[in-house]
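Chain by chain, the residues:
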Amino acid sequence: MDIFKKHLEIVKNSKYNFLNPNEFDSKFKTSKSEKEVLITIDDAFESFYNEAWPYLRDNKIPFILFVSTEPVGNKGYMTWDQIREIDAADFSLIGHHSHSHEYLIEETEENFILDIKTANKIFEQELNYIPSLFSYPFGEYSKFMRDYISQNFKYAFGQHSGVIDLNKNKFELPRFPINEKYGELKRFKSIINYYPLEYKSLSPSEKHLTINNNPPNFKVEFFKEQKNLTNITCYSNEGDKWDKSKTNLLSNQILTIEFREPFKPRRGRINCSLNDNGKWRWFGVQFPVKKN
């Protein structure tokens, strides 16, 4: 909690405001002259209710709480009464985080749909509505999962790092993980000052890697307005070893990466940054990797 409070103080002392998630939909659709910080909390652990919620409530700091319905009420998790208490506040929002919070990418398509529909029924029973924002468990999704979610929700969040901008896919929204491992104050201060590295398109659209598409044919097309692309640096963890990526930048604003070897289970990651005349821009990609 001490470090979490320091994170919040850093935001308060910066020029950025906290974004009320109830305004997320309307603000997503318009260009912004100033960044805002959106706090999201996954899993609805009891420790969040006991430790963080009182501070957020008393200071009216907005956030999204993504709830998986199956563990609600179990030891270590919040109850539905506690979730309804948070839902009643005008600066918080409840999001959908599946039913089981299992490795759904390893399930059949039918079981994935059943998991989401099971959670929908429980949300209807307990909150009288189905949340419109979704968070993929572990940030992992396949093209099928993303396409299904896109037909049933307004937005979906992953766990690949980056800054949301108007051009990001609404069902592959990035988030910077902030936790015990990645919560250092120095890193946090850097993160909130990053700007989006916007792009026109990114491939492959299938993020789930199998023996047939690992390593992926990775390609990003940037907008012609983006300058200083020769300053871009990418790092990736193929072979389970983080190293500088071998990038190729073509004259038509297209970046490709020649991977050293396939990514290893369970996740492949790529993070790219760009010094754009003193503004640091960033985007990340996550590839769930199937075990052979």
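Above: the structure in question.
Enquirer: I'm lost on the overall build of the protein in this one. Help?
Expert: The helix and strand tally for the protein stands at 7 helices and 16 strands. A globule of 292 residues ought to have a C-alpha radius of gyration of about 19 Å, and the protein, at 19 Å, matches this closely. With respect to the principal axes defined by its C-alpha atoms, the protein has extents near 55 × 45 × 35 Å. Residue burial in the protein is summarised as follows: out of 292 residues, 49% are buried. Put simply, 62% of the contacts in the protein that link residues at least 6 apart link residues at least 24 apart. Split by element, the accessible area of the protein, about 15000 Å² in all, is 47% carbon and sulfur. The average position of the 41 basic charges and that of the 40 acidic charges among the side chains of the protein differ by 7 Å.

Enquirer: Looking at this structure, how should I read the packing of helix 5 (residues 109-127) against helix 6 (residues 143-150)?
Expert: Helix-helix packing is characterised by the crossing angle of the two axes and by the distance between the axes. The contact between helix 5 and helix 6 brings their axes to 11 Å, and the two run at 35 degrees. In this structure, helix 5 crosses over helix 6, and the sense of that crossing is right-handed. Facing Glu-109, Phe-112, Ile-113, Ile-116 and Lys-117 of helix 5, the residues of helix 6 in contact are Phe-144, Met-145, Tyr-148 and Ile-149. Split by residue class, the contact of helix 5 with helix 6 holds 7 nonpolar, no polar and 2 charged.

Enquirer: It is not clear to me how the state of the cysteines should be interpreted in this structure. Could you clarify?
Expert: Applying the stated criterion across every chain yields a total of 1 disulfide. Sulfur-sulfur distance for the disulfide between Cys-234 and Cys-272 comes to 2.1 Å. Judged by the torsion about the S-S bond (110 degrees), the Cys-234/Cys-272 disulfide is right-handed. Pair noted here: Cys-234 is in strand 11 (residues 233-236) and Cys-272 is in strand 15 (residues 267-276), with a separation of 38 residues, a long-range link. We classify Cys-234 as buried; its relative accessible area is 1%. Under the relative-accessibility criterion, Cys-272 is labelled buried at 0%.

Enquirer: Explain the side chain of His-7 here, please?
Expert: Of note, His-7 is situated in helix 1 (residues 2-13). For His-7, the residues in contact, after removing those within four places along its chain, are Ile-178, Gly-183, Leu-185 and Phe-188.

Enquirer: Explain the sheet that holds strand 14 (residues 254-258) to me, please; I cannot follow it from the model alone.
Expert: What holds strands together in a sheet is hydrogen bonding between their backbones, with the strands either parallel or antiparallel. An order of 9-10-14-13 is seen for the 4 strands of this open sheet, with the pairing classed as antiparallel. Of all strands in the sheet, those bounded by a partner on one side alone are strand 9 (201-203) and strand 13 (246-249). Across this sheet, the average inter-strand angle for adjacent strands is 15 degrees, counted without regard to direction. Across 3 bridges, strand 10 (residues 219-221) lies against strand 14 in antiparallel orientation. Bridge assignment links Glu-221 to a residue of strand 14, and that residue is Ile-254.

Enquirer: Hey, could you run me through unusual backbone geometry in this one?
Expert: Note on backbone geometry: most residues besides glycine have negative phi, and most peptide bonds are trans. With an omega of 15 degrees, the peptide bond running from Ser-203 to Pro-204 counts as cis. In this structure, the amide linkage connecting Asn-214 to the following residue, Pro-215, adopts the cis form with an omega of 10 degrees. Among the structural elements, Pro-215 can be located in the loop between strand 9 and strand 10. With a phi angle near 80 degrees, Ser-98 is a residue other than glycine that sits in the positive phi range. For Ser-98, the position within the fold is in the loop between strand 5 (92-96) and helix 5. A relative accessible area of 0% places Ser-98 in the buried class. Even without being a glycine, Asn-128 presents a positive backbone phi close to 70 degrees. Among the residues examined, Asn-128 registers a relative accessible area of 63% and is labelled exposed.

Enquirer: Would you explain the pairing of strand 13 in this entry?
Expert: Two faces belong to every sheet, and in a regular strand the side chains alternate between them. In this sheet, strand 14 lies alongside strand 13 in antiparallel orientation, the contact comprising 4 bridges. Within strand 14, the position partnered with Lys-246 by the bridge is Glu-258. Taking the residues between adjacent antiparallel strands as the criterion, strand 13 and strand 14 are bridged by 4 residues, where Gln-253 takes a positive phi near 70 degrees.

Enquirer: Sorry, what's going on with the sheet that holds strand 16 (residues 279-288) here?
Expert: Taken in spatial order, the 5 strands make up an open sheet running 8-16-15-11-12, and their pairing is mixed. Only two strands of the sheet have a single partner each, and these edge strands are strand 8 (195-196) and strand 12 (243-244). Across 2 bridges, the pairing between strand 8 and strand 16 is parallel. Bridging across to strand 16, Pro-196 finds its partner in Trp-282.

What counts, and at which threshold
- Residue positions are given per chain, counting from 1 as you read along its sequence in written order.
- Per-residue local features are limited, in this predicted model, to residues with pLDDT of at least 70; the limit for side-chain atom pairs, both in listing and counting, is 80 or more; totals at the level of whole chains, interfaces and linings are taken over all residues.
- As a rule here, side-chain values cover all heavy atoms of the structure and leave hydrogens and water aside.
- Strands here are runs of E lasting at least two residues and helices are runs of H or I lasting at least four, both read from the DSSP assignment and numbered beginning at the N terminus.
- For this measure, only C-alpha atoms enter the radius of gyration; the expected value for a globule follows 2.2 Å times N^0.38, where N is the number of residues.
- The buried label goes to any residue with under 20% of its type's maximum accessible area, the exposed label to any with over 50%, and the partly exposed label to all in between, with areas taken from a 1.4 Å probe on protein chains only.
- The criterion used for residue contact is that any of the two residues' heavy atoms lie within 4.5 Å.
- All accessible-area figures derive from a Shrake-Rupley calculation using a 1.4 Å probe, and residue coverage is judged against the displayed protein chains alone.
- Positive charges come from Lys and Arg alone, negative charges from Asp and Glu alone, with His and the N- and C-terminal ends not counted.
- Working definition for charges: the position is that of NZ of Lys, CZ of Arg, CG of Asp or CD of Glu.
- The angle between two axes is taken between their N-to-C directions and runs from 0 to 180 degrees, where each axis is a line fitted to C-alpha atoms and a helix contributes only its stretch in contact.
- Note: crossing handedness is left-handed where the near helix turns anticlockwise from the far helix by less than a right angle, and right-handed where it turns clockwise.
- Charged residues are taken to be Asp, Glu, Lys and Arg, nonpolar residues to be Ala, Val, Leu, Ile, Met, Phe, Trp, Tyr, Cys and Pro, and polar residues to be all remaining types, Gly included.
- By definition, disulfides here are pairs of cysteine sulfur atoms that lie within 2.5 Å.
- Pairing between two strands is assigned when DSSP locates at least 2 bridges connecting them.

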